[in-house]
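# Residue-level structure breakdown
One-letter residues, chain by chain:
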Amino acid sequence: MRSHRHLSTGESPGVSARIHPTALVDPKAHLPERCMIGAFCIVGEDVDMGENCELLSHVILKGPTKMGSNNRVFPFTTLGLEPQDLKFKGERTRLEIGDNNTIRESVTIHRGTPAGGGVTRVGSNCLIMAYSHIAHDCVIADNVILANAATLAGHVTVEEYAVVGALCPVHQYVRVGAYSYIGGGTTITQDVLPFSLTSSKREVHAFGMNSVGLQRKGFSKERIRRIHQAYRVLLSSKMNVGDALAKLKSHPNLGDDVERLVKFVEASERGILK
């Protein structure tokens, strides 16, 4: 690996990314012209970056990693390094990152493992705040927010528009449902319901629907009313989960949101927080 400005990756002659003289970029890395690589960054081979990406400084990006366009990566972040899995023996696995993401200071995102499908995926339009960790084989959907020091173990799925609060550890194989909000400092060991507001208060449970967040995302009053009614049934202390699902499914017109909620609960393997 050497410090260089000109690419040798199939770009047209004379095309070059803006690379700081102190950066080390492998000649086999693919960097389009409009990328910016800041001071003391390290970009390894098998890295493929889209247009208008910026590594501010002191970023380590190792491959195989494919990154889309318009991503900003802040100092002391490491992307695409080997997973923290004792079963990993150096196999060729990868990291895939979408477009328009902001990845703040000291974030770590690891490549996948063969047992988990070989790939870790981060969607587009995500905000990943400082000190967050995304472990091997995680799947992060679009428009997700991970607040400071959110920590995802291996094989975690985070659905679209979910917010994982600061200092939240999430157990391996857990699913975090769409449009949910997890309060800061909450330890998550089971699946988090879509649309829910889940936070620790002595015991971790769902306090109800994430009404403020849904309003901000443009949900109509009627959509929110239907979800609220479903939550009253699902979280009722007088009914177990099976009975609650049966009552919800008996309604002649569930609507897409409630149907999504029901399917999420039915597919849960670790149980749900309520």
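Read on for a plain summary of the structure. Here the residue numbering is sequential within each chain, running from 1 through the sequence in written order. pLDDT decides what is reported in this predicted model: residues at 70 or higher carry local features, side-chain atom pairs at 80 or more are listed and counted, and totals for whole chains, interfaces and linings draw on all residues regardless. Each side-chain value is worked out from all heavy atoms of the structure, with water and hydrogens disregarded.

## What to know about the overall build of the protein chain
- Segments assigned H or I by DSSP are reported as helices when at least four residues long, segments assigned E as strands when at least two residues long, and all are numbered from the N terminus. From N to C terminus, the protein chain includes four helices and 26 strands.
- Referenced to the eigenvectors of the C-alpha coordinate spread, the extents of the protein chain come out at roughly 70 × 40 × 30 Å.
- Summary of the burial criterion: residues with accessible area below 20% of their type's maximum are buried, those above 50% are exposed, and those between are partly exposed, where the area comes from a 1.4 Å probe applied to protein chains only. Across the 274 residues that make up the protein chain, the buried fraction comes to 49%.
- For this analysis, residues touch if any pair of their heavy atoms sits within 4.5 Å. Across the protein chain, contacts joining residues at least 24 apart in sequence account for 32% of those joining residues at least 6 apart.
- Here the open area of atoms and residues is found with the Shrake-Rupley method and a 1.4 Å probe, where only the protein chains shown may cover a residue. Of the roughly 13100 Å² that the protein chain leaves accessible, carbon and sulfur atoms contribute 51%.

## With respect to the pattern of salt bridges
- Throughout this description, the term salt bridge denotes a Lys or Arg side-chain nitrogen within 4 Å of a carboxyl oxygen of Asp or Glu. With the rule as written, the count across this model stands at 18 salt bridges.
- Linking Asp85 and Lys87 is a salt bridge whose minimum nitrogen-to-oxygen distance equals 3.2 Å.
- For Arg94, the salt bridge is made with Glu96, and the minimal N-O distance between the two is 2.7 Å.
- By relative accessible area, Arg94 is classed as partly exposed at 34%.

## Comments concerning a nonpolar patch on the surface
- On the surface, a cluster of nonpolar side chains totalling about 260 Å² of accessible area is made up of Tyr181, Leu197 and Phe207.
- Relative to the helices and strands, Phe207 resides in strand E26 (residues 203-209). Grouping into patches uses exposed residues only, defined as over 30% relative accessible area, and leaves out salt-bridged ones; the cut-off is 9 Å for like charges and 5 Å for nonpolar side chains (Val, Leu, Ile, Met, Phe, Trp, Tyr).

## A few points about the packing of aromatic side chains
- In summary, the pairing rule links any two rings of Phe, Tyr or Trp, Trp by its six-membered ring, whose centres are within 6.5 Å, and it sorts them by plane angle into stacked for under 30 degrees, edge-to-face for over 60 and tilted for everything else. Overall, the coordinates contain four aromatic pairs when judged by the stated rule.
- Between Phe195 and Phe219, the aromatic rings sit 6.1 Å apart at their centres with planes inclined by 70 degrees, giving edge-to-face as the arrangement. Residue Phe195 is located in the loop between strand E24 (181-182) and strand E25 (196-201), and its partner Phe219 is located in the loop between helix H1 (211-216) and helix H2 (221-234); the two are separated by 24 residues in the primary sequence.
- On the basis of relative accessibility, which here comes to 1%, the residue Phe195 falls in the buried class.
- Overall, the relative accessible area of 7% leaves Phe219 in the buried class.
- Three or more aromatic residues link up through ring pairs in this structure, and these residues are Tyr161, Tyr179, Phe195 and Phe219.
- In this scheme, Lys NZ or Arg CZ marks a charge over a ring once it lies within 6 Å of the ring centre and within 35 degrees of the ring normal. The cationic tip of Arg175 hangs over the ring face of Phe264; the distance from NZ or CZ to the ring centre is 4.1 Å.
- Looking at Arg223, its charged tip hangs above the ring of Phe219, at a distance of 3.7 Å from the centre.

## With respect to the sheet that holds strand E14 (residues 119-122)
- If you trace the seven strands from one edge of the open sheet to the other, you get E5-E8-E11-E14-E17-E20-E23, paired in parallel fashion. Both edges of this open sheet fall to strand E5 (47-49) and strand E23 (175-176), since each of them pairs with a single strand only.
- When strand E11 (residues 94-97) meets E14, the two strands line up parallel, connected through four bridges. Residue pairing across strands places Glu96 opposite Arg121, the latter belonging to E14. Strands are treated as partners if at least two bridges between them are detected by DSSP.

## Describing the environment of Phe76
- Inspection of the secondary structure puts Phe76 in the loop between strand E9 (72-73) and strand E10 (78-81).
- Relative accessible area serves as the criterion here: at 52%, Phe76 is assigned to the exposed category.
- Each C-alpha atom of the pair Phe76 and Ile60 lies 7.4 Å from the other, and the pair is 16 residues apart in sequence.
- The contacts of Phe76, once residues within four sequence positions are left out, are Ser57, His58, Ser106 and Val107.

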